[in-house]
Amino acid sequence: MADNRLTPDEALQQEFNRWADAGEGPKMEQHHLDITMKTLRLMDLRPGERVLDLGCGSGWATRLLARLVSDGPEGFGQVVGIDIADEMIRQARAASRDFENILYVQGAAAKLPWEENFFDKVLSVESFYYYPDQDRALMELFRVMAPRARLFILINLYKDNAYSLQWVDKLKVPVHVRSAAEYAELLKSHAFQQVEWRQIPDDTPTPDDYKTKSFNSLDDLRAFKKAGALLLMASKPDLRTPAPGYTIY
Ligand SMILES: C[S@@+](CC[C@H](N)C(=O)[O-])C[C@H]1O[C@@H](n2cnc3c(N)ncnc32)[C@H](O)[C@@H]1O
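Small disclaimer: the values here were computed from a predicted structure and weren't measured.

Participant: How should I be thinking about unusual backbone geometry in this particular structure?
Facilitator: Only a minority of non-glycine residues have a phi that is not negative, and only a minority of peptide bonds are not trans. Of note in the backbone geometry, D44 takes a positive phi value of approximately 50° without being a glycine. Note on placement: D44 falls in the loop between α2 (24-43) and β1 (50-54). Positive phi, normally seen in glycine, also occurs at Q194, with a value near 45°. Turning to its location among the elements, Q194 is positioned in strand β6 (residues 193-200). Given a relative accessible area of 56%, Q194 falls into the exposed group.

Have a look at this one:
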C-alpha cells in the first residue's frame, strides 16, 4: 500500500529501489533495447560528446552511449547516468567498472545534480511519465543542456497507444498519461525548438509461450509493440546567436 507520508519523489525512489532489488533493472534491457537502438541511430552521437541518460536504471543504455561517444578525434566523450533510485545507481556502477567515461549520480529529474549548459545530447528511456512535476523536469533539462543540444525522450505509456493504458492501474506509483500532441505543446511551452515526435515500433518478436502480467493478452502485447513507443525530440535554442535584427549592447 502507498505510504502517504512520503513525498512523490520519495515514493518513486522506494518503488524503483524495490524494482532494483527484484532484479528488474537489467531485465528492462530486453524490453527497451529495440526502441532504444532505433533512437540511438537518430541521435547521431559523435565521439567527444557529453550525454545525459536520465532515469538510467541499471545503466545498460548508458553503457551503449558511452561506447558511442568514447575516444575519437574530437576528444573523449562523457556520459552521466542519473536516477532517483539509489539501488539502481549502485547496480549501474557495479556493471560499469570497465568504463572510464561514465559517471552515475543519484538524483531527481526535478532537481538535476549537474551544472548548466553542459550536455550535447540527452536520452531518457521509459522514465519521463513517472516524473511528478514534468514542467519542473523540463526546466531542469533546459538548464543542463548546452545551446543547440538535442533531447530524446522515449515514452511507452501515452494516450495514442491505447494498449499501453492497461498498465496505469497495475503500477504502484502515479503516472502522467498525455498524447503526443500534448507532449509536443509541453516542450514548446518550455522554449524547446524543433519539437517533433514519431512512433517507434518494437520489432522484437513475442513468442507464443511468453508470459505477461502487464497486458491482458499476447495479442494486446503484440499490438502495443506494433504501435510502438512515443519518441519526443527537441532542441535547446542557440542562445549564443542573437536572432537576425537584434543588437546586443
Ligand atoms: C521503467 S525504468 C527505466 C530504466 C531505464 N531507462 C531502462 O530503460 O532500463 C524508470 C526509471 O526511471 C527512474 N525514475 C523515475 N522517476 C524518476 C525521477 N523523478 N527522477 C529520476 N529518475 C526517475 C526510476 O528509478 C527507474 O530507474
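Participant: Whenever I open this one, the site of the ligand confuses me. Can you help?
Facilitator: The immediate surroundings of the ligand are formed by 22 residues, with H32, G55, W60, D83 and S127 found nearest. For the ligand, a nitrogen atom lies 2.7 Å from a polar atom in the backbone of G55. Residue S127 places a side-chain N or O atom 2.7 Å away from an oxygen atom belonging to the ligand. Burial of the ligand by the protein chains amounts to 99% of its free accessible area of 590 Å². The set of elements that each furnish at least two residues to the shell around the ligand consists of α1 (8-21) and α2.

Participant: So what exactly am I meant to see when it comes to helix α3 (residues 60-69) here?
Facilitator: Side chains of residues three or four places apart in an α-helix project in the same direction, reflecting 3.6 residues per turn. α3 sits mainly inside the fold: seven of its 10 residues count as buried. Of the residues making up α3, those classed as buried are W60, A61, T62, R63, L65, A66 and V69. Packing partners of the buried residues in α3 comprise α2, β1, β2 (78-83), α4 (86-95), β3 (102-106) and β4 (119-125).

Participant: Where do I start with the pattern of salt bridges in this structure?
Facilitator: Proximity of charged atoms lets side chains of opposite charge pair with each other. In this structure the tally under the stated criterion is 14 salt bridges. Ionic contacts of the salt-bridge type, sharing partners, join the residues D34, K38 and D203 into one network.

Participant: How should I be thinking about helix α5 (residues 134-144) in this particular structure?
Facilitator: Every buried residue of α5 is accounted for by Q134, A137, L138, E140, L141, F142 and V144. The inward-facing, buried residues of α5 abut β1, β4, β5 (145-155) and α6 (180-189). Backbone nitrogen of D135 and a side-chain oxygen of the N-cap are separated by 3.3 Å at the start of α5; the cap is D133.

Participant: Mind showing me how you'd approach the nonpolar core here?
Facilitator: Soluble globular proteins tend to bury their nonpolar side chains together. With 54 residues, the main nonpolar core has L52, L141, L151, I155 and F192 as its most contacted residues. With six residues, the single largest contributor to this core is β5. If sequence neighbours within four positions are ignored, L151 has contacts with V122, L138, L141, M145, L187, F192, L232, M233 and A234.

Criteria and cut-off values
- Residues numbered from 1 in each chain as written.
- Predicted model: local features only at pLDDT ≥ 70, side-chain atom pairs only at ≥ 80, totals over all residues.
- Heavy atoms only, no water.
- Helix = DSSP H or I, 4+ residues; strand = E, 2+ residues; numbered from the N terminus.
- Buried < 20%, exposed > 50% of the residue type's maximum accessible area, 1.4 Å probe, protein only.
- Near = heavy atom within 4 Å.
- Polar contact = N/O pair within 3.5 Å; in protein donor to acceptor, adjacent residues only side chain to side chain.
- Areas by Shrake-Rupley, 256 points an atom, 1.4 Å probe, with all protein chains shown as cover.
- Contact = heavy atoms within 4.5 Å.
- Salt bridge = Lys/Arg side-chain N within 4 Å of Asp/Glu carboxyl O.
- Core = buried A, V, L, I, M, F, W, Y, C linked by side-chain atoms within 4.5 Å.

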